[in-house]
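Read off the chains here:
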Amino acid sequence: IAIASSRRRSAASSRSGSPPCGHPLLHPTPLEIRAPRSAMPTSSDHRRWWAESRSDWISVVLIWGVTGAIELAANPRHLFQTCAFAKNICNVTSVGWDATLANPWAKTETVSVPVLMCIAYLIPLVVVTAVQLWFCRPKTGWPWRHDTHHFALTLLGATGLTILVTGSAKRYVGFYRPSYYSLVQDDKLSEHEKIDGRQSYPSGHASLAFASMVTLCLYMLGKTRAVAAGPGQLVKVLGCVSFVGLALFVACSRIVDYRHHPADVNAGAMLGSTIAVLSYHIYFPPVWQSDAHVPRVGGENTPYQPIYPDDLGLPVSL
(Lines give C-alpha, C1' and ligand atoms only; values in the text may rest on other atoms or scores of the structure.)
Protein backbone atom coordinates (compact mmCIF):
# COMPACT_ATOMS: atom_id res chain seq x y z
CA ILE A 1 0.00 0.00 0.00
CA ALA A 2 2.82 2.40 0.94
CA ILE A 3 4.64 1.69 -2.32
CA ALA A 4 1.50 2.24 -4.40
CA SER A 5 0.79 5.48 -2.57
CA SER A 6 4.35 6.69 -3.21
CA ARG A 7 4.00 5.90 -6.91
CA ARG A 8 0.71 7.80 -7.14
CA ARG A 9 2.29 10.87 -5.48
CA SER A 10 5.26 10.70 -7.84
CA ALA A 11 2.99 10.44 -10.90
CA ALA A 12 0.86 13.36 -9.73
CA SER A 13 3.99 15.43 -9.15
CA SER A 14 5.20 14.66 -12.67
CA ARG A 15 1.87 15.68 -14.22
CA SER A 16 1.81 18.96 -12.30
CA GLY A 17 5.37 19.78 -13.39
CA SER A 18 6.65 20.48 -9.85
CA PRO A 19 9.70 18.44 -8.83
CA PRO A 20 9.55 16.42 -5.61
CA CYS A 21 12.61 18.17 -4.23
CA GLY A 22 12.53 21.78 -5.24
CA HIS A 23 16.03 22.15 -6.71
CA PRO A 24 15.84 23.12 -10.40
CA LEU A 25 19.22 21.55 -11.25
CA LEU A 26 18.23 18.10 -10.03
CA HIS A 27 15.25 17.69 -12.37
CA PRO A 28 14.82 18.38 -16.06
CA THR A 29 13.07 21.52 -17.18
CA PRO A 30 11.11 21.49 -20.47
CA LEU A 31 14.22 22.88 -22.22
CA GLU A 32 16.34 20.07 -20.82
CA ILE A 33 13.81 17.50 -22.01
CA ARG A 34 14.14 18.83 -25.56
CA ALA A 35 17.94 19.05 -25.34
CA PRO A 36 19.28 16.71 -22.63
CA ARG A 37 22.20 18.01 -20.58
CA SER A 38 24.55 16.04 -18.39
CA ALA A 39 25.09 16.79 -14.74
CA MET A 40 27.61 19.26 -13.38
CA PRO A 41 31.27 18.30 -13.99
CA THR A 42 32.72 16.10 -11.29
CA SER A 43 36.29 15.39 -10.22
CA SER A 44 36.20 12.19 -12.30
CA ASP A 45 35.33 14.27 -15.38
CA HIS A 46 38.34 16.52 -14.73
CA ARG A 47 40.63 13.51 -14.32
CA ARG A 48 39.29 12.00 -17.53
CA TRP A 49 40.02 14.94 -19.84
CA TRP A 50 43.35 15.56 -18.10
CA ALA A 51 44.40 11.94 -18.72
CA GLU A 52 43.27 12.13 -22.34
CA SER A 53 45.40 15.24 -22.91
CA ARG A 54 48.55 13.95 -21.22
CA SER A 55 50.18 12.86 -24.47
CA ASP A 56 49.33 16.24 -26.01
CA TRP A 57 51.14 18.04 -23.20
CA ILE A 58 54.17 15.80 -23.68
CA SER A 59 54.12 16.66 -27.38
CA VAL A 60 53.90 20.39 -26.63
CA VAL A 61 56.87 20.17 -24.24
CA LEU A 62 58.91 18.31 -26.88
CA ILE A 63 57.98 20.88 -29.53
CA TRP A 64 59.15 23.74 -27.34
CA GLY A 65 62.32 21.84 -26.39
CA VAL A 66 63.28 21.21 -30.03
CA THR A 67 62.41 24.82 -30.86
CA GLY A 68 64.75 26.10 -28.15
CA ALA A 69 67.56 23.82 -29.34
CA ILE A 70 67.22 25.03 -32.93
CA GLU A 71 67.15 28.69 -31.87
CA LEU A 72 70.33 28.27 -29.79
CA ALA A 73 72.40 25.88 -31.89
CA ALA A 74 71.52 26.26 -35.57
CA ASN A 75 72.72 29.09 -37.82
CA PRO A 76 71.16 29.97 -41.17
CA ARG A 77 72.94 28.79 -44.30
CA HIS A 78 75.08 31.17 -46.38
CA LEU A 79 73.88 32.20 -49.79
CA PHE A 80 76.91 34.49 -49.83
CA GLN A 81 79.99 32.68 -48.60
CA THR A 82 80.89 35.27 -45.93
CA CYS A 83 79.70 38.59 -44.60
CA ALA A 84 82.96 40.09 -45.91
CA PHE A 85 82.04 39.05 -49.44
CA ALA A 86 78.62 40.66 -49.04
CA LYS A 87 80.31 43.79 -47.73
CA ASN A 88 82.46 44.01 -50.87
CA ILE A 89 79.34 43.73 -53.04
CA CYS A 90 78.01 46.82 -51.29
CA ASN A 91 81.01 48.85 -52.43
CA VAL A 92 80.75 48.15 -56.16
CA THR A 93 78.04 48.00 -58.74
CA SER A 94 78.13 44.49 -60.10
CA VAL A 95 75.96 41.68 -61.27
CA GLY A 96 75.56 40.59 -57.63
CA TRP A 97 73.95 43.88 -56.55
CA ASP A 98 70.33 43.53 -55.41
CA ALA A 99 68.51 46.80 -54.75
CA THR A 100 65.86 45.03 -52.61
CA LEU A 101 68.57 44.30 -50.01
CA ALA A 102 69.92 47.87 -49.85
CA ASN A 103 67.32 49.46 -47.55
CA PRO A 104 68.41 51.26 -44.36
CA TRP A 105 68.88 49.27 -41.16
CA ALA A 106 67.31 50.63 -37.96
CA LYS A 107 67.68 48.96 -34.59
CA THR A 108 64.29 50.17 -33.38
CA GLU A 109 61.23 48.16 -34.39
CA THR A 110 57.56 49.09 -34.41
CA VAL A 111 56.73 45.78 -32.73
CA SER A 112 59.67 44.57 -30.65
CA VAL A 113 60.00 41.01 -29.37
CA PRO A 114 58.68 41.86 -25.84
CA VAL A 115 55.65 43.60 -27.38
CA LEU A 116 55.10 40.59 -29.64
CA MET A 117 55.13 38.28 -26.61
CA CYS A 118 52.50 40.46 -24.93
CA ILE A 119 50.33 40.29 -28.04
CA ALA A 120 50.78 36.53 -28.45
CA TYR A 121 50.26 35.50 -24.82
CA LEU A 122 49.17 38.33 -22.52
CA ILE A 123 46.16 39.44 -24.60
CA PRO A 124 44.78 35.87 -24.85
CA LEU A 125 45.29 35.44 -21.10
CA VAL A 126 43.27 38.57 -20.33
CA VAL A 127 40.51 37.69 -22.81
CA VAL A 128 40.14 34.09 -21.62
CA THR A 129 40.06 35.20 -17.98
CA ALA A 130 37.24 37.61 -18.79
CA VAL A 131 35.35 34.86 -20.66
CA GLN A 132 35.60 32.46 -17.73
CA LEU A 133 34.38 35.11 -15.31
CA TRP A 134 31.37 35.72 -17.58
CA PHE A 135 30.42 32.06 -17.91
CA CYS A 136 31.15 31.22 -14.26
CA ARG A 137 28.36 33.33 -12.87
CA PRO A 138 26.53 31.71 -9.93
CA LYS A 139 25.43 28.09 -10.42
CA THR A 140 25.83 27.87 -14.18
CA GLY A 141 27.87 24.67 -13.94
CA TRP A 142 30.34 25.99 -16.50
CA PRO A 143 33.47 23.73 -16.73
CA TRP A 144 35.98 26.58 -16.57
CA ARG A 145 38.91 24.29 -15.76
CA HIS A 146 38.18 22.16 -18.80
CA ASP A 147 37.72 25.14 -21.10
CA THR A 148 40.80 27.01 -19.85
CA HIS A 149 42.92 23.86 -20.05
CA HIS A 150 41.92 23.21 -23.66
CA PHE A 151 42.54 26.81 -24.72
CA ALA A 152 45.98 26.83 -23.06
CA LEU A 153 46.86 23.58 -24.80
CA THR A 154 45.61 24.94 -28.12
CA LEU A 155 47.54 28.21 -27.82
CA LEU A 156 50.81 26.70 -26.61
CA GLY A 157 50.65 23.92 -29.18
CA ALA A 158 49.84 26.23 -32.07
CA THR A 159 52.45 28.86 -31.23
CA GLY A 160 55.12 26.30 -30.35
CA LEU A 161 54.68 24.41 -33.62
CA THR A 162 54.60 27.68 -35.54
CA ILE A 163 57.88 28.86 -34.02
CA LEU A 164 59.46 25.46 -34.68
CA VAL A 165 58.47 25.38 -38.36
CA THR A 166 59.32 29.06 -38.88
CA GLY A 167 62.73 28.76 -37.23
CA SER A 168 63.60 25.64 -39.20
CA ALA A 169 62.59 27.28 -42.49
CA LYS A 170 64.59 30.43 -41.68
CA ARG A 171 67.76 28.44 -41.16
CA TYR A 172 67.27 26.20 -44.17
CA VAL A 173 66.51 29.04 -46.60
CA GLY A 174 68.95 31.63 -45.23
CA PHE A 175 67.40 34.46 -47.24
CA TYR A 176 68.45 38.06 -46.68
CA ARG A 177 66.49 40.82 -45.02
CA PRO A 178 65.69 43.96 -47.06
CA SER A 179 68.38 45.86 -45.10
CA TYR A 180 71.08 43.20 -45.36
CA TYR A 181 73.69 45.34 -47.13
CA SER A 182 73.38 48.12 -44.55
CA LEU A 183 73.51 45.59 -41.74
CA VAL A 184 76.79 43.92 -42.77
CA GLN A 185 78.45 47.34 -43.32
CA ASP A 186 77.68 48.47 -39.77
CA ASP A 187 80.76 47.62 -37.70
CA LYS A 188 78.90 48.43 -34.47
CA LEU A 189 76.63 45.43 -34.86
CA SER A 190 77.53 42.09 -33.31
CA GLU A 191 78.12 38.95 -35.33
CA HIS A 192 74.84 37.55 -34.02
CA GLU A 193 72.92 40.53 -35.40
CA LYS A 194 74.62 40.12 -38.77
CA ILE A 195 73.73 36.43 -38.82
CA ASP A 196 70.13 37.41 -38.08
CA GLY A 197 70.22 39.34 -41.34
CA ARG A 198 70.02 35.98 -43.14
CA GLN A 199 66.77 34.94 -41.46
CA SER A 200 64.20 36.78 -43.53
CA TYR A 201 61.97 33.98 -44.87
CA PRO A 202 59.41 33.40 -43.42
CA SER A 203 58.54 36.18 -40.98
CA GLY A 204 58.60 34.98 -37.38
CA HIS A 205 56.66 37.99 -36.09
CA ALA A 206 53.90 37.44 -38.65
CA SER A 207 53.63 33.69 -38.10
CA LEU A 208 53.51 33.95 -34.29
CA ALA A 209 51.05 36.84 -34.31
CA PHE A 210 48.68 35.06 -36.68
CA ALA A 211 48.97 31.75 -34.82
CA SER A 212 47.98 33.41 -31.56
CA MET A 213 45.34 35.84 -32.84
CA VAL A 214 43.62 33.36 -35.19
CA THR A 215 43.38 30.94 -32.25
CA LEU A 216 41.86 33.68 -30.11
CA CYS A 217 39.51 34.74 -32.91
CA LEU A 218 38.18 31.20 -33.36
CA TYR A 219 37.82 30.81 -29.61
CA MET A 220 35.74 33.99 -29.33
CA LEU A 221 33.64 33.09 -32.39
CA GLY A 222 32.83 29.85 -30.62
CA LYS A 223 32.06 31.49 -27.29
CA THR A 224 29.81 34.14 -28.82
CA ARG A 225 28.27 31.59 -31.25
CA ALA A 226 28.17 34.46 -33.73
CA VAL A 227 28.56 32.22 -36.77
CA ALA A 228 26.18 29.54 -35.49
CA ALA A 229 23.45 32.08 -34.68
CA GLY A 230 23.26 33.37 -38.25
CA PRO A 231 22.03 36.85 -39.28
CA GLY A 232 22.11 39.68 -36.78
CA GLN A 233 25.53 38.76 -35.37
CA LEU A 234 27.78 40.89 -37.59
CA VAL A 235 28.91 43.12 -34.72
CA LYS A 236 30.08 40.07 -32.76
CA VAL A 237 31.87 38.67 -35.79
CA LEU A 238 33.69 41.95 -36.39
CA GLY A 239 34.70 42.11 -32.74
CA CYS A 240 36.20 38.64 -32.94
CA VAL A 241 37.94 39.28 -36.26
CA SER A 242 39.54 42.43 -34.81
CA PHE A 243 42.12 40.18 -33.16
CA VAL A 244 43.26 39.08 -36.61
CA GLY A 245 43.50 42.78 -37.51
CA LEU A 246 46.05 43.16 -34.74
CA ALA A 247 48.09 40.32 -36.24
CA LEU A 248 47.85 42.02 -39.63
CA PHE A 249 49.27 45.21 -38.12
CA VAL A 250 52.23 43.26 -36.72
CA ALA A 251 52.85 41.70 -40.13
CA CYS A 252 52.69 45.02 -41.99
CA SER A 253 55.06 46.64 -39.50
CA ARG A 254 57.75 44.16 -40.52
CA ILE A 255 57.62 45.42 -44.10
CA VAL A 256 57.60 49.08 -43.01
CA ASP A 257 60.63 48.48 -40.75
CA TYR A 258 62.55 46.81 -43.62
CA ARG A 259 62.80 43.62 -41.59
CA HIS A 260 61.01 41.44 -44.16
CA HIS A 261 59.96 41.28 -47.77
CA PRO A 262 56.21 41.07 -48.50
CA ALA A 263 56.59 37.40 -49.49
CA ASP A 264 58.15 36.66 -46.08
CA VAL A 265 55.18 38.18 -44.28
CA ASN A 266 52.63 36.41 -46.47
CA ALA A 267 54.27 33.06 -45.88
CA GLY A 268 54.45 33.64 -42.12
CA ALA A 269 50.80 34.71 -41.92
CA MET A 270 49.64 31.67 -43.92
CA LEU A 271 51.77 29.31 -41.85
CA GLY A 272 50.58 30.65 -38.49
CA SER A 273 46.92 30.75 -39.54
CA THR A 274 46.95 27.18 -40.88
CA ILE A 275 48.50 25.74 -37.73
CA ALA A 276 46.10 27.73 -35.54
CA VAL A 277 42.99 26.47 -37.38
CA LEU A 278 44.14 22.84 -37.18
CA SER A 279 45.09 23.11 -33.50
CA TYR A 280 41.83 24.78 -32.52
CA HIS A 281 39.61 22.10 -34.05
CA ILE A 282 41.40 19.37 -32.11
CA TYR A 283 40.00 20.73 -28.83
CA PHE A 284 36.88 22.69 -29.80
CA PRO A 285 33.94 22.09 -32.20
CA PRO A 286 33.69 24.08 -35.46
CA VAL A 287 32.44 27.62 -34.91
CA TRP A 288 29.34 27.06 -37.05
CA GLN A 289 27.94 24.37 -34.73
CA SER A 290 25.38 25.24 -32.05
CA ASP A 291 27.65 23.81 -29.33
CA ALA A 292 30.75 25.70 -30.53
CA HIS A 293 31.24 27.28 -27.10
CA VAL A 294 31.80 23.93 -25.34
CA PRO A 295 35.23 22.21 -25.27
CA ARG A 296 35.62 18.69 -26.60
CA VAL A 297 36.60 15.56 -24.71
CA GLY A 298 38.61 12.81 -26.32
CA GLY A 299 38.25 14.27 -29.80
CA GLU A 300 34.58 13.26 -29.98
CA ASN A 301 32.23 15.03 -32.35
CA THR A 302 29.79 15.53 -29.49
CA PRO A 303 31.61 17.61 -26.86
CA TYR A 304 31.27 17.50 -23.11
CA GLN A 305 28.01 19.24 -22.19
CA PRO A 306 27.55 20.69 -18.70
CA ILE A 307 24.42 22.46 -17.58
CA TYR A 308 24.41 25.39 -19.96
CA PRO A 309 23.85 28.94 -18.74
CA ASP A 310 20.60 29.09 -20.74
CA ASP A 311 19.19 26.29 -18.62
CA LEU A 312 19.17 28.76 -15.74
CA GLY A 313 17.83 31.70 -17.67
CA LEU A 314 21.29 33.15 -18.41
CA PRO A 315 22.71 33.81 -21.88
CA VAL A 316 24.53 30.88 -23.44
CA SER A 317 27.12 33.00 -25.22
CA LEU A 318 28.82 36.33 -24.74
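Residues numbered from 1 in each chain as written. Predicted model: local features only at pLDDT ≥ 70, side-chain atom pairs only at ≥ 80, totals over all residues. Heavy atoms only, no water.

Enquirer: What am I meant to see in the pattern of salt bridges here?
Expert: Opposite charge on two side chains allows them to pair when their charged atoms are near. All chains considered together, the criterion is met by three salt bridges. For R254, the salt bridge goes to E109, with nearest N and O atoms at 2.6 Å. Residue R254 is located in helix α12 (residues 234–256), and its partner E109 is located in the loop between α5 (83–91) and α6 (113–135); the two are separated by 145 residues in the primary sequence. Judged by relative accessible area, E109 falls into the partly exposed class, the value being 27%. (Salt bridge = Lys/Arg side-chain N within 4 Å of Asp/Glu carboxyl O. Helix = DSSP H or I, 4+ residues; strand = E, 2+ residues; numbered from the N terminus. Buried < 20%, exposed > 50% of the residue type's maximum accessible area, 1.4 Å probe, protein only.)

Enquirer: Got a minute to help me understand the packing of aromatic side chains in this structure?
Expert: Two aromatic rings, taken as a pair, are described by how far apart their centres are and by the angle between their planes. Counted by the stated rule, this structure contains five aromatic pairs. Ring plane angle 35° and centroid distance 6.1 Å describe the contact between F175 and Y176, whose orientation is recorded as tilted. On the basis of relative accessibility, which here comes to 32%, the residue F175 falls in the partly exposed class. For Y176, a relative accessible area of 4% translates into the label buried. Taken together through their ring pairs, the aromatic side chains of F151, Y219, Y280 and F284 make up a single cluster. (Phe/Tyr/Trp six-rings, centres within 6.5 Å; stacked < 30°, edge-to-face > 60°.)

Enquirer: For this particular structure, what's the right way to read the environment of A263?
Expert: Here A263 is to be found in helix α13 (residues 262–283). Exposure remark for A263: the relative accessible area of 48% places this residue in the partly exposed category. Taking the C-alpha atoms as reference, A263 lies 8.8 Å from S203; in sequence the two are 60 residues apart.

Enquirer: When you look at the packing of helix α4 (residues 54–73) against helix α7 (residues 144–173) in this model, what are you seeing that I'm missing?
Expert: A pair of packed helices can be characterised by two numbers: the angle between their axes and the separation between those axes. Direction vectors running N to C along α4 and α7 enclose 30°, while the axes themselves pass 9 Å from each other. The angle between the axes of α4 and α7 places the two elements in the roughly parallel class. In the packing of α4 onto α7, the handedness of the crossing is left-handed. When α4 is examined against α7, the residues D56, W57, V60, I63, W64, V66, T67, I70 and E71 are found in contact with a partner set consisting of H149, L153, L156, G157, T159, G160, L161, I163, L164, G167, S168 and R171. Looking at side-chain class alone, the contact of α4 with α7 contains 11 nonpolar, seven polar and three charged residues. (Axes fitted to C-alpha atoms, helices over the stretch in contact; angles between N-to-C directions. Parallel < 35°, antiparallel > 145°, perpendicular 65-115°, else oblique. Left-handed = near helix turned anticlockwise from the far one by under 90°. Contact = heavy atoms within 4.5 Å. Nonpolar A, V, L, I, M, F, W, Y, C, P; charged D, E, K, R; others polar.)

Enquirer: Just checking my understanding: could you explain a nonpolar patch on the surface for this structure?
Expert: Together, L122, L125 and V126 make up a nonpolar patch on the protein surface, roughly 290 Å² of accessible area in all. One can find L125 in helix α6. Judged by relative accessible area, L125 falls into the exposed class, the value being 53%. (Patch = residues over 30% accessible without salt bridge, like charges linked within 9 Å, V, L, I, M, F, W, Y side chains within 5 Å. Areas by Shrake-Rupley, 256 points an atom, 1.4 Å probe, with all protein chains shown as cover.)

Enquirer: Is there a simple way to think about the nonpolar core in this case?
Expert: Looking at soluble globular proteins, one finds that nonpolar side chains tend to be buried together. Of all hydrophobic cores here, the largest spans 38 residues; its most connected members are F151, L216, Y219 and M220. At the level of secondary structure, the elements contributing two or more residues to this core comprise α6, α7, α10 (204–224), α12 and α13. Here this core gets 12 residues from one element, more than from any other, and that element is α10. Beyond its immediate stretch of four places on either side in the chain, F151 contacts P124, V128, T215, L216, Y219 and F284. (Core = buried A, V, L, I, M, F, W, Y, C linked by side-chain atoms within 4.5 Å.)

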